[in-house]
Amino acid sequence: MPGLDGSAVAMSLDLADVACSTGSACVSGSTEVSHVLVAMGYPVEEARGALRFSLGRTTTEAEVAEAAALVVAALAHQREAAAALTAQRGAVLGRPQSPASVAAAGKVSEAVEASAG
């Protein structure tokens, strides 16, 4: 998930009852970038966005499909939130905003208003 923080996505997925981690099982709870992914040649920024999912023998295909759909939704939400934050920071600092940033900020604002109302 280039450009996204795996920890933020993992937290979002946790709220949707999808268990995942940002590191290997042996370093669970660590905020460090996966040394395994870095050793495999992934840039640190890409490794920072990695997630690990574990499946058990009782995990069903339907559960995997549902989790995949929730991951896609969480990634979209995180990207929209990041774009909105970037647009907001640009506005505060007087920097020009791209049309994509403005559109993303509008979507996030609409979502926040809908959930509050």
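A brief look at the structure comes next.

1. Concerning a nonpolar patch on the surface
Together, V36, M40 and Y42 make up a nonpolar patch on the protein surface, roughly 300 Å² of accessible area in all. Relative to the helices and strands, Y42 resides in the loop between α2 (35-39) and α3 (44-48).

2. A short note on the nonpolar core
Generally speaking, a soluble globular protein has its nonpolar side chains buried in company with each other. Membership of the largest hydrophobic core is limited to eight residues, which are L4, V9, L13, V18, A67, V71, A74 and L75. For this core, the elements supplying multiple residues, two or more each, are α1 (6-15) and α4 (61-92). Ranked by the residues each element gives to this core, the list is headed by α4, at four residues. Leaving out residues up to four positions away in the same chain, V18 has contacts with L13, F53, A67 and L70.

3. Notes on α4
The α-helix winds at 3.6 residues per turn, so residues separated by three or four positions along the chain end up facing the same way. Compared with an ideal rise of 1.5 Å per residue, which puts 32 residues at 46 Å, α4 spans 47 Å between its outermost C-alpha atoms and is within 8% of the ideal. Those residues of α4 that sit buried are A67, V71, A74, L75, Q78, A83, A84, A87 and G90.

4. A word on the pattern of salt bridges
For the structure on display, the rule yields one salt bridge. As a salt-bridge pair, R48 and E45 come within 3.7 Å of each other at their nearest N and O atoms. Highlighted residues: R48 and E45, both in helix α3, separated by three residues, approximately one helical turn.

Thresholds, definitions, all that
- Residues numbered from 1 in each chain as written.
- Predicted model: local features only at pLDDT ≥ 70, side-chain atom pairs only at ≥ 80, totals over all residues.
- Heavy atoms only, no water.
- Patch = residues over 30% accessible without salt bridge, like charges linked within 9 Å, V, L, I, M, F, W, Y side chains within 5 Å.
- Areas by Shrake-Rupley, 256 points an atom, 1.4 Å probe, with all protein chains shown as cover.
- Salt bridge = Lys/Arg side-chain N within 4 Å of Asp/Glu carboxyl O.
- Helix = DSSP H or I, 4+ residues; strand = E, 2+ residues; numbered from the N terminus.
- Core = buried A, V, L, I, M, F, W, Y, C linked by side-chain atoms within 4.5 Å.
- Buried < 20%, exposed > 50% of the residue type's maximum accessible area, 1.4 Å probe, protein only.
- Contact = heavy atoms within 4.5 Å.
- Expected span 1.5 Å × (residues − 1).

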